[in-house]
Amino acid sequence: MTAAQALAEREALVATPGPGGPGARAALTQATDTWLGELFALGTDEAAGSPDAGICLVAVGGHGRSELGPRSDLDVLLLHRGDERRAAGLAERIWYPIWDAGIALDHSVRSVAQARRLASEDAKVLLGLLDARPVAGDAGLVADLCQAVLGDLRAMAGKRLSQVRALVQSRRERFGDLATMLEPDLKQAYGGLREASVLRAIAASWITDIPHAGWESEVQRLLDIRDALQATTGRPGNVLRLQEQDAVAAALALADADDLLRQAYAAARTIAYASDAAWHRVDRLAAKAPRLALRQLRRSGPTRVPLADGVVVQDGEAMLAADAHPDRDPVLALRLAAAAAQAGLPVAPHAVQRLARESAQLPVPWSHPARDAFVSLLGAGESTVRVWEALDQAGVIDRWIPGWEVIRSAPQRNAVHRFTVDRHLVEAVVQASALTRTVQRPDLLLVAALLHDFGKARGGDHSIVGAQLAAGIVPRLGFPDDDTAVIVRLVRHHLLLADTATRRDIEDPATIADVAEAVEDPEFLDLLAALTEADSIATGPAVWTQWRRSLIGELVRRVHASLAGRPLPQPPELTPDQVVALGQDGVWVLMGQGEDGTEVTVAAPDQVGLLAAVAGVLSINRLQVRGARVQTIGDRAVQVWTVEPAFGEPPAAERIAEDVRRALDGSLDVEARLRARDEAYRPTRAIARAAPRVEVIASGSDRSTILEVRAHDEPGLLHRIATAIAEAQVTITGAKVATLGSEAVDVFFVADRAGRPLRSQHAEAVQVAVRACLEQPIA
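In this report, we go over the structure that sits alongside the text. In this text, all values refer to a predicted model and were calculated from it rather than measured experimentally.

### Quick notes on the overall build of the protein chain
Here is step 1 of the chain: Looking only at helices and strands, the protein chain has 33 helices and 15 strands in total.
Here is step 2 of the chain: With respect to the principal axes defined by its C-alpha atoms, the protein chain has extents near 100 × 70 × 50 Å.
Here is step 3 of the chain: The 779 residues of the protein chain split such that 52% are buried.
Here is step 4 of the chain: When contacts within the protein chain are restricted to residue pairs at least 6 apart in sequence, long-range pairs at least 24 apart make up 69% of them.
Here is step 5 of the chain: In the structure as shown, the protein chain presents an accessible area of about 33,800 Å², 51% of it carried by carbon and sulfur atoms.

### Thoughts on the pattern of salt bridges
Two side chains carrying opposite charge are able to pair once their charged atoms lie near each other.
Here is step 1 of the chain: Under the defined criterion, the tally for this structure stands at 43 salt bridges.
Here is step 2 of the chain: Between Arg629 and Glu507 there is a salt bridge, with its nearest N and O atoms 3.9 Å apart. One end of the pair, Arg629, is in strand S10 (residues 623-633); the other, Glu507, is in the loop between helix H24 (496-503) and helix H25 (509-519), and 122 residues separate them in sequence.
Here is step 3 of the chain: A salt bridge links Glu554 to Arg557; the nearest nitrogen and oxygen atoms lie 2.9 Å apart. Of this pair, Glu554 and Arg557 both sit in helix H27 (residues 546-563), three residues apart, roughly one helical turn.
Here is step 4 of the chain: Salt bridges here are not isolated pairs; linked through shared partners, they connect Arg269, Glu389, Asp392, Asp398, Arg408 and Asp422.

### Section: helix H30 (residues 653-665)
Here is step 1 of the chain: Here H30 contains 13 residues, and its C-alpha end-to-end distance of 19 Å stays within 8% of the 18 Å for a straight helix at 1.5 Å per residue.
Here is step 2 of the chain: Listing the buried residues of H30 in full gives Ala653, Ile656, Ala657, Asp659, Val660 and Ala663. Along the axis of H30, the buried positions cluster into a sector of 165°, meaning they face one direction only. For H30, the exposed residues lying more than 90 degrees away from the buried face are Glu654 and Asp665.
Here is step 3 of the chain: The first or second residue beyond H30 is Gly666, which carries a positive phi of 90°.

### Some details on helix H22 (residues 462-476)
Here is step 1 of the chain: Here H22 spans 21 Å end to end across 15 residues, near enough to the 21 Å set by a 1.5 Å rise per residue.
Here is step 2 of the chain: Ala470 marks where H22 bends most, by close to 30°.
Here is step 3 of the chain: Regarding H22, the residues found buried are His462, Ser463, Val465, Gly466, Ala467, Ala470, Ile473 and Val474.
Here is step 4 of the chain: Between the side-chain oxygen of the N-cap and the backbone nitrogen of Ser463 there are 2.9 Å, and the N-cap of H22 in question is Asp461.

### What about the sheet that holds strand S2 (residues 74-80)?
Here is step 1 of the chain: The strand order S3-S2-S1-S4 describes an open sheet built from four strands, whose pairing is mixed. Edge positions in the open sheet fall to strand S3 (105-111) and strand S4 (133-137), since each of these has one partner strand only. Ignoring which end each strand starts from, the neighbouring axes of this sheet average 25° apart.

### Some details on the sheet that holds strand S7 (residues 317-320)
Here is step 1 of the chain: The three strands are arranged S5-S6-S7 in an open sheet whose pairing can be described as antiparallel. Edge strands, defined here as strands with exactly one partner in the open sheet, are strand S5 (304-308) and S7. Strand after strand, the sheet turns through a mean of 40° between neighbouring axes, direction not considered.
Here is step 2 of the chain: Relative to strand S6 (residues 311-314), S5 runs antiparallel, the two sharing four bridges. Bridge pairing links Ala308 to Val311 in S6.

### A word on the packing of H24 against helix H26 (residues 522-539)
Here is step 1 of the chain: Taken N-terminus to C-terminus, the directions of H24 and H26 make an angle of 80°; their axes are 8 Å apart at the nearest point. By the angle between their axes, H24 is roughly perpendicular relative to H26. When H24 is examined against H26, the residues Leu496, Leu497 and Ala498 are found in contact with a partner set consisting of Leu525, Leu528, Ala529 and Thr532.
Here is step 2 of the chain: The residue makeup of the contact of H24 with H26, split by class, is six nonpolar, one polar and no charged.

### Side note on the packing of aromatic side chains
Here is step 1 of the chain: What the rule picks out here adds up to six aromatic pairs.
Here is step 2 of the chain: Ring plane angle 85° and centroid distance 6.3 Å describe the contact between Phe374 and Trp400, whose orientation is recorded as edge-to-face. Here Phe374 is found in helix H16 (residues 368-378), whereas its partner Trp400 is found in helix H18 (residues 396-400), with 26 residues between them in sequence. A single burial state applies to Phe374 and to Trp400, both of which are buried.
Here is step 3 of the chain: A network of ring pairs unites the aromatic residues Trp366, Phe374, Trp388, Trp400, Trp404 and Phe454 as a single cluster.
Here is step 4 of the chain: Above the plane of the ring of Trp206 lies Arg154, whose end atom (NZ or CZ) is 3.6 Å from the centre.

Rules and cut-offs
Residues numbered from 1 in each chain as written. Predicted model: local features only at pLDDT ≥ 70, side-chain atom pairs only at ≥ 80, totals over all residues. Heavy atoms only, no water. Helix = DSSP H or I, 4+ residues; strand = E, 2+ residues; numbered from the N terminus. Buried < 20%, exposed > 50% of the residue type's maximum accessible area, 1.4 Å probe, protein only. Contact = heavy atoms within 4.5 Å. Areas by Shrake-Rupley, 256 points an atom, 1.4 Å probe, with all protein chains shown as cover. Salt bridge = Lys/Arg side-chain N within 4 Å of Asp/Glu carboxyl O. Expected span 1.5 Å × (residues − 1). Arc of directions from axis to C-beta. Bend = angle between axes of the 7 residues up to and from the residue. Polar contact = N/O pair within 3.5 Å; in protein donor to acceptor, adjacent residues only side chain to side chain. Pairing = 2+ DSSP bridges. Axes fitted to C-alpha atoms, helices over the stretch in contact; angles between N-to-C directions. Parallel < 35°, antiparallel > 145°, perpendicular 65-115°, else oblique. Nonpolar A, V, L, I, M, F, W, Y, C, P; charged D, E, K, R; others polar. Phe/Tyr/Trp six-rings, centres within 6.5 Å; stacked < 30°, edge-to-face > 60°. Lys NZ or Arg CZ within 6 Å of the ring centre and 35° of its normal.

Now the structure itself:
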């Protein structure tokens, strides 16, 4: 076979559609090796000497593992005994045909001694050479190199693995965790394909065993997804972009993009769990005897310390005692999990597998000890996550909580969410565990935190669906009817405080009355407030801002006062500076540093279009709005904005005041300035985004009509919205503005020119006008 024929066979394999899989990767690798072998033979025929005389073409990395995808780079090494001139000439005769074929190439030319030295200095080189495989030439060179590299690794295992660990941590910081990303990098993100190489390196060091339960098959699943991605896009790459996920899902015969992400997340979690377990053992050995050879330490005898009934600690892991019998003790799994989490220990993988195989079924309802152990597990804080993940990997959680498999690894297509649905619930439990001192029934808080989003990934209103499911789950856990009712209500109303505080006027007595009627008593209100905080923090940093926290806190205080029969507190008094500003004529601007950013207070005569003018001025001055509250006091309006400068330092208050004055008197054309900037920074291609949502909220204030706007945030957005409202002959009497990540969530309290709530037809007209301004392309 000629090199041209071999290349044609390879290209035919790349172009052939199919399900992929290990067989397809092996076939493509074989075809690639055949072609490279022909190139090697041609190159050596043109040079002096025998093809097998001290030179070898070596596949490393994924190529060495026979894991080539349709558009994978070729990662090869030309290895020689020391004849650098001959090797360099041969390399040119091999590399150029590869480049001419349009195939990306990662190449190097080294002697055995050079390759060994580099492997001892560079962890990336080490990981690649552990998979070295001869393609053509003197295979003895590869055997010699691999023997030397493995010997060096095992002789200096502690030092070499610490270098690998630093590499893993750096990569994780840069690329994140695969199982939490909407656009994951299948190769570089933690839990991705790179972890497989790292696990093999740990195993090759001989210092400790690595988990063997299923992670290799999950690597194959990620490779299948990578191959489908490269086949559908026709280009190399490992990042699963949103716009490509539907096509990749179809290529893999999956239901949809969510199913694809769920598969990728599940695989990544299994791989990450194996990696975490392996690194825990490496770290424990290194910490226990930093001056001893790790292999010598591994041979030392185990020491077992009792931790709970049937549970011991050995080598820094919680495991089953020698006389433990999971088949006779249905509470043992819960007891071990609680003891491990409370002690901050991982559960030994073999103990997890034994519990999964042998544990007796828990009686329904659970006994008091079982329920107590479960609550203890939930209340352990950060260490709950590691223990929960271990049990979830083995399917133990499914037995405890029917329906858990529905939300496992379920993606949340919302930029503010950091985690999948199931991981978010566990994270909410962790956050709730820090708030148990603020409520009378911490057990109810923890269980509600675990179940509050249980209705997701099932269709319908997740609060309603979740409450219905909780009504069946909680009694199984051993809670009496009255406690079950509280948890069900918490799940049903877990969004009540956040939605009310950010979408309604909390100074309106009608709002307070509605919340008081829903919560019924102060004890439930405290539980709901703690659940709201735990849920918000677990969602992501863009949600639990100082602005949001203060609004919810004020709402809770007012509802508490209402439930206690005390008069509602008055609105917070203006600061002395703000009082001064309201007493001045014309426009008055104050600036200062707040907890969430720069605070800009604008006081001015109230008039239609004031909010639009100020929003436009802030945008012109490159101040990004993170939050705002607007109040009208008599014939003066005071606006308090939280902003962040897009670049450098914020402008002076005097400049903002002057620009507002000019905008109001017409000498500053805000619209023209914004259009000019938008034109200058117009994106080079259209970006698909979700359609904006504009709603008139029913059952709102009896003093104004509530308009909620949700849209992708962009410069000048608030100015456009406020302008549309003003042009609809409507007065903005108040506003609450928030930017969560890249999403704007704005609530406007509006009235007609007579100061009354809008009639239904007028409200609908405003809704249409605002939606039209958001859907209209920027000129």
